[in-house]
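Summary of structural features
Spelled out, the chains give:
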Number of protein chains: 2
Amino acid sequence: MLTSERKALIQQILQRDGRVVAKALSQAWGVSEDTIRRDLRELASDGVLQRVHGGALPASPAIADFAQRERTGSAAKANLGRLGAGLIRPGQIVFLDGGTTHVHLARQLPRDLKATVVTHSPSIAVELAHHPTVDVEIVGGRLFKHSVVAMGSASAEAIARIRVDAYFMGVTGLHPDTGATTGDHEEAALKRLIARQAAETIVLATREKLGAASAYGILPLAGIATLVAEAGRDDDRLVPFRAAGLSIVTA
Amino acid sequence: MLTSERKALIQQILQRDGRVVAKALSQAWGVSEDTIRRDLRELASDGVLQRVHGGALPASPAIADFAQRERTGSAAKANLGRLGAGLIRPGQIVFLDGGTTHVHLARQLPRDLKATVVTHSPSIAVELAHHPTVDVEIVGGRLFKHSVVAMGSASAEAIARIRVDAYFMGVTGLHPDTGATTGDHEEAALKRLIARQAAETIVLATREKLGAASAYGILPLAGIATLVAEAGRDDDRLVPFRAAGLSIVTA
DNA sequence: CTTGACCTTGCACGATATTGCACGAAAGAT
DNA sequence: ATCTTTCGTGCAATATCGTGCAAGGTCAAG
């Protein structure tokens, strides 16, 4: 591979991913890390990127911003995820439901957290594949494409054999009267089953889910221990849930 | 060879490959590197290309884009994946092993293919989550982060209950004597187990895996029905495999 | 046919670039 | 506070480059 080819590729990757890692490039292209570091140094002195320990970032933060946001999605969900991640104690076994909010949670688990994550969401498994200390247990089953989680009897059997400290449950609605609801009958049943295997159930709910209700009930509010919600002036929406005895976590 | 002929060819190659290497051209055409360098210098001053240490790149970097990807290996894998996808018949149940090559295979399954894919790779499950007609069955278990697949007793149990028409097996080496090999003992055992549950085993091997051998044996060549390999002049590498009775598929 | 101008090619040689390694320093991680 | 990873620099080996030069080859005018 030609030197200038390498440099051009580095810039492409940087634009696409918003970052490059020296070691990864070195392994991918079969050259020494020194060579990559030299390339990065020179590109940095050309002003096209910014060196950081372990690799490089785009020079202009504007480019990084886009790629970054692309990766992390909406800020609200990322925020909820961060709050949820903070609820997990070292050594715990937690079940992570599917959904983008929980992917954000997985992404923001502290790098040094030693815990076990059980999930039937392949997306979360992929996300945690690069976490250094968290053990991941995948629940298999038939892939329900709408939610991108494993479901069916195989999943139910696997879940029945596991007990967890906390279940981060995904919902499409959380209403003072109807409790937690979702849009699929079988999914509701599976969530109910998981909740039974968990010491406590935690719900991360973005603003639009509070006060909403979907077709199929999962659990009454009494079955939910903690609600993680966006902070905001409209804390009114949280009042009925607080009254129902839920522990509320906000930013 | 005439000078202008050479220059025309250089431009052609540049367009096709996205780069030229002075030494390679000199050897291919039996002229000195000096001559090639002179050609490149002149073409550069014509603005046709851009000289770099070791050869030349296209003047406009856009052209290089596709060809660049070729060399980073992902195109080769995409190609293998496409060939592999073509081996799956409607209605079949196939097991897809982990690995980037198989992710490419999953990505290139025909949009109208009705089949069932069993996998212990969450990456492949995510990839197929948006396929309209393929059913996906996820094999659960402990996530082996190095390969990003589910492993362990839970996986073995689930696999023991499934029979598939074909197993697309990932390997790190495929050698005429040692057969299919991989770098982890437990992984080798699991692959062996899956192969037992499959009517036939298919291996997609990039060029560098042919003739290579890793620490742990999975199967002898006799256990493999079909080998999908990159096409190329160095078909010599394929000879021992063909002699061993494997059905060979190339582009 | 011969001659001389012009071009192309290969070679020699010093200059410059690139690469990998070693070793101590600095930055993160535990 | 200790350990590991990453960084920077110097160094040596190798590859590539540029230039000058000589050996041919082509072609047209003489």
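Treat the numbers as computed from the prediction; the structure is a model and nothing was measured.

Along chain A, the regular secondary structure elements total 10 helices and 15 strands. Principal axes of the C-alpha set define a box for chain A whose edges measure 65 × 45 × 30 Å. Burial statistics for chain A: of 251 residues in total, 47% are counted as buried. Summarising the internal contacts of chain A: among those between residues at least 6 apart in sequence, 60% fall at separations of at least 24.

Residue and element names in this part refer to chain A. The full count for this structure, using the stated rule, is 2 aromatic pairs over all chains. For the ring pair F95 and Y167, a centre distance of 5.5 Å and an interplane angle of 90 degrees mean the geometry is edge-to-face. In this pair, F95 is assigned in strand β4 (residues 93-96) and Y167 in strand β9 (residues 164-169), connecting sequence segments 72 residues apart. Per residue, the accessibility class of F95 equals that of Y167, and both read buried.

Taken together, the contact between chain A and chain B spans 32 residues of the former and 38 residues of the latter. Roughly 2400 Å² of surface becomes buried between chain A and chain B when both sides are summed, with 59% attributable to carbon and sulfur atoms. For the chain A face of the interface with chain B, the top three residues by lost area are L2, I138 and K145 of chain A, together amounting to 25%. The tally of links from chain A across to chain B stands at 1 salt bridge. E5 of chain A serves as the salt-bridge partner of R19 of chain B, at 2.9 Å between the closest nitrogen and oxygen. The interface formed by chain A and chain B contains 9 residue pairs in polar contact (both at pLDDT 80 or more). Listed by contribution, the elements that provide at least two residues to the side of chain A that touches chain B are α1 (3-17), α7 (122-128), β6 (135-138), β7 (141-144) and α8 (153-160) of chain A.

We now examine the sheet that holds strand β11 (residues 179-182) of chain A. Where strands meet in a sheet, backbone hydrogen bonds hold them as pairs that are either parallel or antiparallel. Residues and elements named next belong to chain A. An order of β10-β11-β13 is seen for the 3 strands of this open sheet, with the pairing classed as antiparallel. Of all the strands in the sheet, the pair left with one neighbour each is β10 (173-175) and β13 (216-219). Taken pair by pair, the neighbouring strands of this sheet meet at an average axis angle of 35 degrees, ignoring direction. Sheet topology places β11 next to β13; 3 bridges connect them, and they run antiparallel. The residue of β13 that forms the bridge with A180 is L219. Across the face of the sheet, helix α9 (residues 185-196) comes into contact with β11 and β13 while running at roughly 5 degrees to β13.

The next thing to look at is the protein's contact with DNA strand C. In the neighbourhood of DNA strand C, 17 residues make up the surrounding shell, with R6, T35 and R38 of chain A together with T35 and R38 of chain B lying closest. Within 4 Å of the protein, the atoms of DNA strand C are drawn from sugar and phosphate moieties in a proportion of 57%. Separating a phosphate oxygen of DNA strand C from a side-chain N or O atom of R6 of chain A is a distance of 2.7 Å. T3 of chain B is positioned such that a nitrogen or oxygen atom in its side chain is 3.3 Å from a phosphate oxygen of DNA strand C. Those elements that provide at least two residues to the surface near DNA strand C are α1 and α3 (33-45) of chain A together with α1 (3-17) and α3 (33-45) of chain B. Looking at the surface near DNA strand C residue by residue, the classes come out as 3 nonpolar, 8 polar and 6 charged.

Another point: the protein's contact with DNA strand D. Lining the immediate environment of DNA strand D, one finds 18 residues, of which R37, R51 and G54 of chain A together with R51 and G54 of chain B sit closest. For DNA strand D, the backbone portion of the atoms within 4 Å of the protein, that is sugar and phosphate, comes to 79%. At 2.6 Å from a phosphate oxygen of DNA strand D is found a side-chain nitrogen or oxygen belonging to R51 of chain A. Contributing elements (two or more residues each) for the surface near DNA strand D: α3 and β2 (49-52) of chain A together with α3 and β2 (49-52) of chain B.

Let's shift gears to the pattern of salt bridges. Residues and elements named next belong to chain B. Summed over the entire model, instances satisfying the criterion amount to 18 salt bridges over all chains. Note that R16 is salt-bridged to D17, the shortest N-O span being 2.9 Å. When its relative accessible area of 61% is taken as the criterion, R16 is described as exposed. Overall, the relative accessible area of 27% leaves D17 in the partly exposed class.

With that settled, the discussion passes to the pairing of strand β14 (residues 226-229) of chain B. Residues and elements named next belong to chain B. Here β14 shows no split at all, with T226 and V228 on one side and L227 and A229 on the other all buried. The pairing of strand β12 (residues 198-205) with β14 spans 4 bridges and is classified as parallel. Bridge pairing in β14 places I202 opposite T226. The pairing of β14 with strand β15 (residues 247-249) spans 3 bridges and is classified as parallel. Each residue of the ladder has a partner; that of L227, found in β15, is I248.

All names here are of chain B. Tracing the backbone shows Q12 in helix α1. For Q12, a relative accessible area of 53% gives the class exposed. Between the alpha carbons of Q12 and T206 there is a distance of 27 Å; along the sequence they are 194 residues apart.

Scoring rules and cut-offs
Residues numbered from 1 in each chain as written. Chains lettered and ligands numbered in written order. Predicted model: local features only at pLDDT ≥ 70, side-chain atom pairs only at ≥ 80, totals over all residues. Heavy atoms only, no water. Helix = DSSP H or I, 4+ residues; strand = E, 2+ residues; numbered from the N terminus. Buried < 20%, exposed > 50% of the residue type's maximum accessible area, 1.4 Å probe, protein only. Contact = heavy atoms within 4.5 Å. Phe/Tyr/Trp six-rings, centres within 6.5 Å; stacked < 30°, edge-to-face > 60°. Buried area = accessible area lost by both parts, 1.4 Å probe. Salt bridge = Lys/Arg side-chain N within 4 Å of Asp/Glu carboxyl O. Polar contact = N/O pair within 3.5 Å; in protein donor to acceptor, adjacent residues only side chain to side chain. Pairing = 2+ DSSP bridges. Axes fitted to C-alpha atoms, helices over the stretch in contact; angles between N-to-C directions. Near = heavy atom within 4 Å. Nonpolar A, V, L, I, M, F, W, Y, C, P; charged D, E, K, R; others polar.

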